[in-house]
Amino acid sequence: VIVIASIFFSFPAKADNYCKEVAEVAKIIMIARQTGVSIVETLQKVQGNKEQQELLTEIIIMAYKKPRYLGKKAQKRAVTESENMVYLTCIKTRV
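Numbering of residues starts from 1 in every chain and runs along the sequence as written. Totals for whole chains, interfaces and linings use every residue, but because this is a predicted model, local features are given only for residues with pLDDT of at least 70 and side-chain atom pairs only at 80 or more, for both listing and counting. Side-chain numbers here rest on the full set of heavy atoms in the structure, without hydrogens or water.

A.B. asks: Quick rundown of helix H4 (residues 50-65)? Include the residues and the values.
C.D. replies: Helix and strand definitions here come from DSSP, where helices need a minimum of 4 consecutive H or I residues and strands a minimum of 2 consecutive E residues; each element is numbered from the N-terminal end. In this scheme, a helix's expected span is set at 1.5 Å multiplied by one less than its residue total. When the terminal C-alpha atoms of H4 are compared, their 23 Å separation across 16 residues agrees well with the 22 Å that a helix rising 1.5 Å per residue should span. Those residues of H4 lying buried are Gln52, Leu56, Ile59, Ile60, Met62, Ala63 and Tyr64. Only protein chains enter the accessibility calculation, which uses a 1.4 Å probe; a residue whose area is less than 20% of its type maximum is buried, one above 50% is exposed, and one in between is partly exposed.

As structure tokens, this is what we get:
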């Protein structure tokens, strides 16, 4: 899962797509969280340069601070909320 997440990093990313890409990574990470992948396993798969690793680690920690839900509806809501929060944070910092 995280290998896919690290592929999106092709710095320098186009400014207009960067936040969308980061939000997609957050979505992938939260899906892993909600499906029971351990934080240790997720962190071990982080790749990229120092900046990329720091960003991915932050997103992973944020995701794993959230509870894991059993119901599909609650899991989907957690994934969407995570994706939205990361996107909003990104666009606020890039404006």
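A.B. asks: Requested: an account of the pattern of salt bridges, with residues and values cited.
C.D. replies: The salt bridge criterion pairs a side-chain nitrogen of Lys or Arg with a carboxyl oxygen of Asp or Glu, the two atoms within 4 Å. Evaluated as defined, the whole model comprises 1 salt bridge. Close ionic contact of lysine 45 with glutamate 41 constitutes a salt bridge, the shortest N to O distance being 3.3 Å. Of the residues examined, lysine 45 reaches a relative accessible area of 33% and is grouped as partly exposed. Relative accessible area serves as the criterion here: at 36%, glutamate 41 is assigned to the partly exposed category.

A.B. asks: Please give an account of helix H5 (residues 72-94) that cites residues and values.
C.D. replies: Spanning 23 residues, H5 covers 33 Å between terminal C-alpha atoms, matching the ideal 33 Å at 1.5 Å per step. Within H5, burial applies to Ala74, Gln75, Ala78, Val79, Ser82, Val86 and Cys90.

A.B. asks: Got a sec to walk through a nonpolar patch on the surface? Specific residues and values, please.
C.D. replies: Together, Ile39, Val40, Leu43 and Ile61 line one region of the surface with nonpolar side chains, adding up to about 290 Å² of accessible area. Of all the elements, helix H3 (residues 39-44) adds the most residues to the nonpolar patch, at 3 residues. Looking at the element boundaries, valine 40 is found in helix H3. Only residues whose relative accessible area exceeds 30% and that take part in no salt bridge are eligible for patches, with like-charged residues grouped when within 9 Å of each other and nonpolar side chains (Val, Leu, Ile, Met, Phe, Trp, Tyr) grouped when within 5 Å. Note on areas: these come from Shrake-Rupley sampling with a 1.4 Å probe, and a residue is covered only by the protein chains present in the view.

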